[in-house]
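One letter stands for each residue in the lines below.
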Amino acid sequence: MRWKLEVLAALVLVVLLQMHTAGASIELKGPGTIRITERQLALDEVDVGIRGRSPGDLEIMRSSLYNTRITPKPIGHAELVCTYTGGRSRSCNGTYVLPRGKLVVSGQLLFRQFFQLAVVGGTGLYDNVRGTLTVTALGGKARQNLVLFRLVA
């Protein structure tokens, strides 16, 4: 009988621990902005439906991240996977890997030249942050974008 109570107590403890919400990063003291540039390395498309662009097709973007005020070398990279939902509209999820952690983004993308996605979390310094990501094309031969994160801890 006693072992049943111990098992029940352990299960209750596990449930309570699962219900505990994670706190924001203790290193971030408040709202912050990250302004960097990205240079697209690859853009792959996967045609999974009928021939040509159709719902369910994938677009996979990979890029290097730079802060040229600090170093000419990449400081990280980004991966964004988008699923076409109809027309030009895509539902996207991605990860921006920076020196002190990762930022995870999600949302709808219509035009690659300018878009906003929600920052839904992160790791390391960015543990459990929220905010927005705004990407603006800079033009030129090499596909470059201005990347602006507005974060709330």
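Calculation rules
- Residues numbered from 1 in each chain as written.
- Predicted model: local features only at pLDDT ≥ 70, side-chain atom pairs only at ≥ 80, totals over all residues.
- Heavy atoms only, no water.
- Salt bridge = Lys/Arg side-chain N within 4 Å of Asp/Glu carboxyl O.
- Helix = DSSP H or I, 4+ residues; strand = E, 2+ residues; numbered from the N terminus.
- Pairing = 2+ DSSP bridges.
- Axes fitted to C-alpha atoms, helices over the stretch in contact; angles between N-to-C directions.
- Polar contact = N/O pair within 3.5 Å; in protein donor to acceptor, adjacent residues only side chain to side chain.
- Core = buried A, V, L, I, M, F, W, Y, C linked by side-chain atoms within 4.5 Å.
- Buried < 20%, exposed > 50% of the residue type's maximum accessible area, 1.4 Å probe, protein only.
- Contact = heavy atoms within 4.5 Å.
- pLDDT = per-residue confidence, 0-100.

Let us look at the pattern of salt bridges. In total, this model carries 4 salt bridges according to the counting rule given. A salt bridge links Asp44 to Arg62; the shortest N-O distance between them is 2.6 Å. Of this pair, Asp44 sits in strand β1 (residues 32-46) while Arg62 sits in strand β2 (residues 58-66), and the two are 18 residues apart along the sequence. In this structure, Arg112 and Glu59 form a salt bridge, with 3.6 Å as the shortest nitrogen-oxygen distance. Linking Arg112 in the loop between β5 (101-109) and β6 (114-122) with Glu59 in strand β2, this pair joins segments that are 53 residues apart in sequence.

For β1 and strand β8 (residues 144-152), the ladder comprises 8 bridges, and the chain directions are antiparallel. In the strand pairing of β8, Glu38 is matched with Asn145. Hairpin connection of strand β7 (residues 130-137) to β8: 6 residues between the antiparallel strands, including Gly139 at a positive phi of 80°.

Quick look at the sheet that holds strand β4 (residues 89-98) now. The strand order around the closed barrel formed by 8 strands is β1-β2-β3-β4-β5-β6-β7-β8, and the pairing between neighbours is antiparallel. Direction aside, the axes of adjacent strands within the sheet are offset by 30° on average. With 8 bridges joining them, β7 and β8 adopt antiparallel strand pairing. Each bridged residue has a counterpart across the sheet, and for Thr134 the counterpart in β8 is Leu148.

Further remarks concern the environment of Tyr84. Along the chain, the position of Tyr84 falls in strand β3 (residues 76-86). For Tyr84 and Leu58, which are 26 residues apart along the polypeptide, the C-alpha to C-alpha distance reads 6.2 Å. A distance of 3.2 Å separates polar atoms of two side chains, one belonging to Tyr84 and the other to Glu59.

The next point concerns the nonpolar core. Ranked by size, the top nonpolar core spans 24 residues in total, and within it Leu80, Tyr96, Leu103, Leu133 and Phe149 carry the most contacts. Residue assignment for this core shows that the elements contributing at least two residues are β1, β2, β3, β4, β5, β6, β7 and β8. Look past the residues within four positions of Leu103 in its chain and what remains in contact with it is Ile34, Gly94, Thr95, Tyr96, Leu98, Val119, Gly121, Gly122, Tyr126, Val129, Phe149 and Leu151.

Residues at a pLDDT of 70 or more form 80% of the protein, whose mean pLDDT is 84. Counting contacts from residues 2-26, a segment whose pLDDT is below 50, to residues more than four positions away or on other chains yields 9 contacts.

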